[in-house]
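Descriptive analysis of the structure
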Amino acid sequence: MSHAPLFLSCCAAVLWSSRAHAAYLPGDLPGAACALLAVLAVLAAVLMFRRLGHWRRISRLRERELREAREDSSRFRQMIEGTNAVAWEFDAASGQCTYVSPQAEQLLGFPASAWFQPGFWSENLHPEDRSFTLEFFRAQIALGYDHELEYRMQHADGNTVFVRDMRTLHRGAGGRIERVRSLLVNLTVHKATEAALEDSEARFRSTFEQAAVGMAMCSLSGRYTRVNRRYSEICGHSEAELLQSDFRIITDPRDREHTEQMFSHLLETPDRTASLDKRLQRPDGSRVWVHVTASVMRSMRREATQFIEVLEDITLRREAERVLRKSEGQLRTVLSALDEGIVLRDTTGRVLLCNASAAQIYGLSEEDLSLSLLQDKNIHHIWANGRPRELASLPCQKALNNSSPSRDNVCIRQADGSIRWLSMNCEPLLREEDGEVYAVLSTISDITERRRSEDELRLAATVFDNSVEAILIFDADKRILRVNPAFTKATGFRAEEVIGRSGEFLASSRHDEEFQNTVWAAVAECGFWQGEMWNTRKNGSVFPEWLSISAVHDERGATTSFVAEFSDITERKASEARIAYLAHHDPLTALPNRTLLQDRLLQAVARANREQSMVGLLFLDLDRFKTINDSLGHHAGDKLLKKVAERLGSCVRESDTICRQGGDEFIIVLPDLADADAAGRVAEKILNHFTEAFGIDSHSIATTFSIGIAVYPGDGEDPDSLMKNADTAMYHAKESGRSTYRFFTETMNADALERLQLENGLRQALEREEFQLHYQPQVSLSDGRIIGAEALIRWNRPEHGMVPPDRFISIAEESGLIVPIGRWVMREACRQTREWQDAGLPPITMAVNLSALQFRRDDILATVKSVLEESALAPEHLELELTESLLMENAEDVMSKLKQLKAMGVRLSIDDFGTGYSSLAYLKRLEVDRLKIDQSFVRDVPHDSEDAAIVRAVVQLGRSLRLEVIAEGVETLAHVGFLSAENCLIAQGYYYCRPVPAETFGEILSKEFLRPRAIHAA
């Protein structure tokens, strides 16, 4: 609704009233009084109009905040009421419930209305928990903390309900706690489950410990994790000893494999249990037979977790069986004397008689063999190709079926997977009365070794002929008996050209006779030698080889032959040499790297110490290399580094060492110096040689060095000290204007220490809230109105006072701390700007300097968005000041980020314009709003014609590109006059105001216009 009619009505009323009263005034006074009253009436109406508008804005703002708060509360209640938890709210002072969610009735069985009765919650606490619970919540509220607690309450039916109570305190405008919100989660089922699990564990523990059989648990690797008393008694080991071992330790070696197979079977098959009889060895050396039943425990995902063993002592039973078998001992004694295996089987294949040789051949005990059938789990007959062999094809079965002798070679697979070959001669035994076969007697010989020897000979011949490594076989007199094709390929000699000759003709002249004798002496003594050796090809060329020589002995230990094997390692040696070179040299410039430098510097220092001479260490940093690299690309930068390395080589002696430290840094070691001035002369020579520009890809590039010099022993007695001090001197050379050199002094060391202390202080300054922001107004030259401000950081360091920005900003940049510091500056500046706006002060644009490092490393887009959201500051009131150098780095990435910042509505300006290397073509593409003329150009205008021309050109450039132009460093009336004449519309500097704290700036801003305070006479 418009306020114009109300305003006009008020004015008319006041004017009428003034005229009416004026009629009673004498003389000319009525006219003057009337006019005065009219003016006063208009002013009163204006003030009333403004106040009314202000009240209405405040009213609308409060209504919106109230509406948002109601919406938030509604969404919170809907979210809570959609869960099984009970949400309730009560007054912090009286404890009176003000809200409870519908789930309350399910929790305690009382209707929701009961919760609003005074004392309902405390009365339904479990009697045993009531005192502690009430005291705990009173203490937490008194401390002002959000808190939670688990306790018990009583259900309407008398049962106990376990709950977890999570409480949040809510304060009013004055900070006083007004109400408490609570979220109750029912833990009753959870607690019941825990109790059931504890009861189940107790029952299991009782059963386990009191069992009459041995019981144990072990991990999947076989290590015991739990054993009962009976298990320890059977094994003869204490519980502590068992828990430090696994089942293999107490198992008789003969049964370990079967035990492991049983456990593997449980893991690989769905069988629930497996069992076997085995022997255990006790600490006193005795053996005990046990029957083991094992099962595997699995997780909910059916993954095996551990084994359970049940152990029964069967020693007595086994002993009875041994006595029973003793009656058969005499016959077995006779059979055991035979080398051949004897097996007598009946017509069903059951063993009636067998000897030890047969059991050994089958890889079974006599007992196991006597219990086996012709084809069962212990005896697997297979064909040579590994397929199972049919029962009818076996000699024993043929003799039984045909009633005639049968002989054949048979292959079996033993329980451990090994293969054995047997020669079987089977003779059927006939009954005299009817001539029917009643048994078959088999005579068995193990021919495995004979077959293996035959196979190995064939395999060896195949390997010999197809090996990629050269092989030679010599006789005992070192004459060649045989060579393989790989030898011919490696040396060019055919077999017929070398067989019968001594191997010495292959040796290179690089090895003398003594070396040859040493090799053969080692073979004679150890039976083996291997190492590098040079060999000769048929064409006369030599090559490195890795040679192995082995002696072959007969059964008496006499040497019968030698086997030599070698491989050509030419390529490997070349690779090793290349790797060794790269390990000590920079791959780009071929200069020694830091590793080789350390070695040579250490040697130079040691020699100087012996000879009482000096060693100079020059630390060189290539000036402006980063700018060159960013502008022309890394390829051009690499070319420049190579040419720099070449030119450095012409400036030093051959005995000196030039090292590329990395990036654009080089180090030179100057050994055997007579005096320290010699190092300075070398530095001067280098600087003189680098006055000439380099030609790189049609570009003429001029670059120089900043050089730091440290001299042994005065500046350090070890390489690390020299390196550190030379580096410190180099930084001082940079600070002195570059393209120069500096010798190290103790003053530099103190400066470096101060620099380190400043850096350490900076790392804690943010946490300790030591930073402050001062604000310098930006003023319209046409009317003096404050249109903006620049936020400038100040560091109030405890015990040191205010630290100037020029002392810590560069350190923050180098250490990377500028990123979090810059983030804080932006957040604080936006917060303060919003605070001034909320206080009714005129809106201004807040300018914040953005570091190049912050722009590259920090997610600047996310940071700006977050800061604006937190401060509720409109984007158009934030201006980011960017340097020219930042804009020139990685142009496409910068352009993309600037576009996104502009899309947010943020203003952008180029700070210190004219001091960098801006491309006007590139500037035209940038979406910036303002150019800021550096104070170095403003300081001497209008007296300095060159600075005046630069300022004039920047102003005209900005006007042509439709950009605002602001001049900083305005300190005199002459500055203001010149800038106004050149149509520069905005200024910033001491002429108007120094940077001031937020409180002072707020007072200045409240006046809206600024009266100049020149610090210098015009």
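The present account deals with the structure reproduced in this document. (Residues numbered from 1 in each chain as written. Predicted model: local features only at pLDDT ≥ 70, side-chain atom pairs only at ≥ 80, totals over all residues. Heavy atoms only, no water.)

Notes on the overall build of the protein chain
Across its full length, the protein chain holds 37 helices and 38 strands. Counting across all 1018 residues of the protein chain, residues that qualify as buried make up 41%. Restricting the contact set of the protein chain to residue pairs at least 6 apart, pairs at least 24 apart contribute 53%. (Helix = DSSP H or I, 4+ residues; strand = E, 2+ residues; numbered from the N terminus. Buried < 20%, exposed > 50% of the residue type's maximum accessible area, 1.4 Å probe, protein only. Contact = heavy atoms within 4.5 Å.)

A closer look at the sheet that holds strand E14 (residues 406-413)
Strand order across the open sheet formed by 6 strands is E12-E11-E16-E15-E14-E13, with antiparallel pairing between neighbours. Here the strands that pair on one side only, and so sit at the sheet edges, are strand E12 (351-354) and strand E13 (380-382). Between one strand and the next, the sheet's axes are offset by a mean angle of 35 degrees, whatever the strand orientation. Across 9 bridges, strand E15 (residues 419-430) lies against strand E16 (residues 437-446) in antiparallel orientation. Looking at E16, one finds that Leu-429 is bridged to Ala-439. Helix H16 (residues 448-466) contacts E15 and E16 of the sheet and is inclined by roughly 140 degrees relative to E15. (Pairing = 2+ DSSP bridges. Axes fitted to C-alpha atoms, helices over the stretch in contact; angles between N-to-C directions.)

Structural notes on the pairing of strand E1 (residues 86-91)
Among the 6 residues in E1, 5 count as buried, and that is most of the element. Sheet topology note: the E1/strand E5 (residues 177-186) ladder contains 6 bridges and is antiparallel. Within E5, the position partnered with Ala-87 by the bridge is Leu-183. Looking at chain direction, E1 and strand E2 (residues 97-100) are connected through 3 bridges and run antiparallel. Bridge pairing in E2 places Trp-88 opposite Val-100.

Some details on the pattern of salt bridges
Here the structure, examined in full by the defined rule, presents 58 salt bridges. Close ionic contact of Asp-246 with Arg-248 constitutes a salt bridge, the shortest N to O distance being 3.0 Å. The class of Asp-246 is buried, set by a relative accessible area of 18%. Since its relative accessible area comes to 27%, Arg-248 is described here as partly exposed. Across the pair Arg-431 and Glu-433 runs a salt bridge whose closest N-O atoms are separated by 3.6 Å. Among the residues examined, Glu-433 registers a relative accessible area of 64% and is labelled exposed. Where salt bridges share partners, they join Glu-148, Glu-150, Arg-164 and Lys-191 into one cluster. (Salt bridge = Lys/Arg side-chain N within 4 Å of Asp/Glu carboxyl O.)

Brief notes about the packing of aromatic side chains
Within the structure shown, the criterion is met by 30 aromatic pairs. Seen from their ring centres, Phe-666 and Phe-705 are 6.0 Å apart, and the 85 degrees between their planes marks the pair as edge-to-face. With a gap of 39 residues between them, Phe-666 in strand E24 (residues 665-673) and Phe-705 in strand E27 (residues 705-712) connect regions that are remote in the sequence. For the ring pair Trp-795 and Phe-808, a centre distance of 5.5 Å and an interplane angle of 80 degrees mean the geometry is edge-to-face. Of this pair, Trp-795 sits in strand E30 (residues 786-797) while Phe-808 sits in helix H27 (residues 805-815), placing them 13 residues apart in sequence. Aromatic ring contacts, followed pair by pair, group Trp-88, Phe-90, Phe-110, Trp-115, Phe-120, Trp-121, Phe-132, Phe-136, Phe-137 and Tyr-151 into a single cluster. Note that Arg-167 overlies the ring of Phe-137, its terminal NZ or CZ placed 3.6 Å from the centroid. For the cation-ring pair, Arg-647 lies above Phe-694, with the distance from its terminal atom to the ring centre recorded as 3.7 Å. (Phe/Tyr/Trp six-rings, centres within 6.5 Å; stacked < 30°, edge-to-face > 60°. Lys NZ or Arg CZ within 6 Å of the ring centre and 35° of its normal.)

Quick look at the environment of Glu-769
Within the element layout of this structure, Glu-769 appears in the loop between helix H26 (746-765) and strand E29 (771-780). C-alpha of Glu-769 to C-alpha of Arg-797: the two residues are 28 residues apart in sequence and 9.8 Å apart in space.

Overview of the side chain of Asn-725
With respect to the helices and strands, the residue Asn-725 is situated in helix H25 (residues 719-735). Judged by its relative accessible area of 7%, Asn-725 falls in the buried class. Within polar-contact distance, the side chain of Asn-725 engages the backbone oxygen of Asp-715 at 2.5 Å. (Polar contact = N/O pair within 3.5 Å; in protein donor to acceptor, adjacent residues only side chain to side chain.)

Considering the packing of helix H28 (residues 818-838) against helix H30 (residues 860-871)
For the pair H28 and H30, the least separation of the axes is 9 Å and the interaxial angle reads 30 degrees. Considered as vectors, H28 and H30 are oriented roughly parallel to each other. Here H28 runs over H30; the crossing is right-handed. Counted together, Arg-823, Met-826, Arg-827, Cys-830, Arg-831 and Arg-834 of H28 and Ile-860, Thr-863, Val-864, Ser-866, Val-867, Glu-870 and Ser-871 of H30 form the full contact between these two elements. Class assignment for the residues of the contact of H28 with H30 results in 5 nonpolar, 3 polar and 5 charged. (Parallel < 35°, antiparallel > 145°, perpendicular 65-115°, else oblique. Left-handed = near helix turned anticlockwise from the far one by under 90°. Nonpolar A, V, L, I, M, F, W, Y, C, P; charged D, E, K, R; others polar.)

Quick notes on the sheet that holds strand E10 (residues 304-313)
As summarised here, the arrangement of the 5 strands in space is E7-E6-E10-E9-E8, forming an open sheet in which the pairing is antiparallel. Looking at which strands have only one partner, the edges of the open sheet turn out to be strand E7 (224-227) and strand E8 (273-281). The mean angle between the axes of side-by-side strands here comes to 30 degrees, regardless of whether they run parallel or antiparallel. Across 9 bridges, E8 lies against strand E9 (residues 287-298) in antiparallel orientation. Bridging across to E9, Lys-278 finds its partner in Val-290.

A look at the pairing of strand E34 (residues 907-913)
Across the 7 residues that make up E34, a large majority, 6, are buried. In this structure, strand E33 (residues 878-883) lies alongside E34, joined through 5 bridges in parallel fashion. Paired with Leu-880 across the two strands is Leu-908, which belongs to E34.

Focus on a negative patch on the surface
A contiguous patch of negative charge on the surface is contributed by Glu-504, Asp-512, Glu-513 and Glu-514. Within the secondary structure layout, Glu-513 lies in helix H19 (residues 513-526). (Patch = residues over 30% accessible without salt bridge, like charges linked within 9 Å, V, L, I, M, F, W, Y side chains within 5 Å. Areas by Shrake-Rupley, 256 points an atom, 1.4 Å probe, with all protein chains shown as cover. Lys, Arg positive; Asp, Glu negative; His and termini not counted. Charge placed at Lys NZ, Arg CZ, Asp CG, Glu CD.)

Re the environment of Ser-782
Looking at where Ser-782 falls in the secondary structure, it is placed in the loop between E29 and E30. Along the primary structure Ser-782 and Ile-986 are separated by 204 residues, whereas in three dimensions their C-alpha atoms are 8.3 Å apart. Within polar-contact distance, the side chain of Ser-782 engages the side chain of Ser-780 at 2.9 Å.

A look at unusual backbone geometry
In this structure, Pro-713 follows Tyr-712 across a cis peptide bond, with omega equal to 5 degrees. One non-glycine residue with positive phi stands out, namely Ser-698, at about 70 degrees. Relative to the assigned elements, Ser-698 resides in the loop between strand E25 (694-696) and strand E26 (699-701). A positive phi is found at Glu-1008, a non-glycine position, where the angle reads about 70 degrees. As for its position among the elements, Glu-1008 is in the segment after helix H37 (998-1007). By relative accessible area, which is 31% here, Glu-1008 ends up partly exposed.

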